[in-house]
Amino acid sequence: MNVRDATPADEGAIIESFRSMDWDRPWPMPDLGPEHLEGKLVLVAEDEGEIIGFAFGDTATHGRAHLNVAFVRAENRRQGVASALVAEFAARALAAGSEHVTLDVDVTNEVGQLAWQRLGFTEFSKRLSAPAAALEARTGPAETGESYASIHIQTDDTAAIEAAAAKYLPRFGGGEARVDGPLNGWVVVYSELADRDRQARHRLAAELSNATAAVVCTLAVEDGRVVRFVLYERGSVVDEYQSLPEYFGPLPPGDVIALSANPTVVARLTGADRASIRAVARTASSPDELPPAPELLAQIAEVMGLQGAGRG
C-alpha cells in the first residue's frame, strides 16, 4: 500500500467513495464534484492499483492545516491506511508552514472520536449547528403582544378597595383604577398601569394585601404569550406562576421551578382543587406547547374562582 497525490483519473473513485460515507449531520451531504477538490491537497491510498482510501484538505489556512475528509473503505480499515494518509497530510502541512492540523468529527461518532484521539488529536472547540429558519425566528425582531392584568382581592368591602387603590396608584405613577365586584367573594381592580408595568402591579398588589390583610392575586397576560399569576398574603408573595418561565431570558434551574404553581398553596388561599390547578397551570419552554395565553388565563381563573379576570 502506498500514499500518493491524486490525479484527475482518480476523481471518479474519490467522488464515489465520498458518496458512500455515513452522513449524520443535520444538513444534506454535499454533491462533491471535481470543482470542490481544486486548490486542495488530495491524497489517495493505493493497494495493487486500487484506491482504498483518500484524504483531502488545506495545508495552510491562517497558519494551520485543515483535514476536510479522511476515508478508508470498510474492508481495508484497521490496517494503518488512515494513519498513513494522515501522516502524509501532516508532512505536507509542515512543509507548507503549518504547525497544527485541525479536523471536524461528529459528536455522535464515538468510534471516530476515539480513533482521532489515538492519533493525537484533542478537542479544543465545538462547532454548533442550528436550523437557519429557527435561528431567524428566535433572534429576529419580536412582535410585542398585548399585555393586560387584573388584581383580585379576597374581600366583599368594595369601598375599602376603592379607597386603597386611589391612595396607592398615584404613588406608582398610575391614574384612576376601575374597581368591580364583589365577584364570587373577590373585588377586582383594573388599572392601565398594572396592565403594562409588572413592577407597578406587584407594588400595588402588595400594598392592597398589606392594607386589607386579605389574600390578593394578580392574574395577567404578558406580551400576548405569557400567563402569570402571583398570590400575596399580608403583603408578601407566597406563590407565583409563569407559563413560560424563561420567556424573558434564561433563569437558574431553581428559579424555573419556583415559577411553577404550587397547588397546595393555591388551594389553601383560593379554595381551588389541587388536581385541577396541577392540570391547568402547566409550564413549558414554548408557547406552542400550551393553549393560547388568553385561553390559558381563562382556564386558570375558572379553577381559582376568579371572575372578571383579564382585561378591565
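Residues numbered from 1 in each chain as written. Predicted model: local features only at pLDDT ≥ 70, side-chain atom pairs only at ≥ 80, totals over all residues. Heavy atoms only, no water.

**Q** Hey, could you go over the environment of Val111 for me, with residue numbers and the actual values?
**A** One can find Val111 in helix 4 (residues 110-118). Separated by 30 residues in sequence, Val111 and Val81 have C-alpha atoms that sit 16 Å apart. (Helix = DSSP H or I, 4+ residues; strand = E, 2+ residues; numbered from the N terminus.)

**Q** Describe the pattern of salt bridges, listing the residues and the values that go with them.
**A** Going through the model one piece at a time under the given rule, you end up with 16 salt bridges. Ionic pairing is found between Arg4 and Glu46, a salt bridge with its closest N-O pair at 3.2 Å. Of the two residues, Arg4 sits in strand 1 (residues 2-5) while Glu46 sits in strand 2 (residues 41-47), which places them 42 residues apart along the sequence. For Arg4, a relative accessible area of 22% translates into the label partly exposed. Since its relative accessible area comes to 17%, Glu46 is described here as buried. (Salt bridge = Lys/Arg side-chain N within 4 Å of Asp/Glu carboxyl O. Buried < 20%, exposed > 50% of the residue type's maximum accessible area, 1.4 Å probe, protein only.)

**Q** A description of unusual backbone geometry should follow, citing residues and the corresponding values.
**A** With an omega of 10 degrees, the peptide bond between Gly181 and Pro182 qualifies as cis. Here Pro182 is to be found in strand 7 (residues 178-183). The backbone phi angle of Ala213 is positive, close to 60 degrees, even though this residue is not glycine. Turning to its location among the elements, Ala213 is positioned in the loop between helix 8 (198-212) and strand 9 (216-222). Phi is positive for Arg234, which is not a glycine, with a value near 55 degrees. With respect to the element layout, Arg234 can be found in the loop between strand 10 (226-233) and strand 11 (236-242). Note on Arg234: relative accessible area 60%, which makes it exposed.

**Q** Kindly report on helix 12 (residues 293-304), identifying the contributing residues and their values.
**A** Taking 1.5 Å of rise per residue, 12 residues should cover 16 Å, and helix 12 covers 16 Å from first to last C-alpha, within 8% of that figure. Taken together, the buried positions of helix 12 are occupied by Ala293, Leu296, Leu297, Ile300, Ala301 and Met304. Angular distribution of buried residues about the axis of helix 12 spans 135 degrees; they occupy a single face of the element. Lining the buried residues of helix 12 we find strand 9, strand 10, strand 11, helix 10 (263-270) and helix 11 (274-280). Note on helix 12: the residue one or two positions beyond its end, Gly305, has a positive phi of about 75 degrees. (Expected span 1.5 Å × (residues − 1). Arc of directions from axis to C-beta. Contact = heavy atoms within 4.5 Å.)

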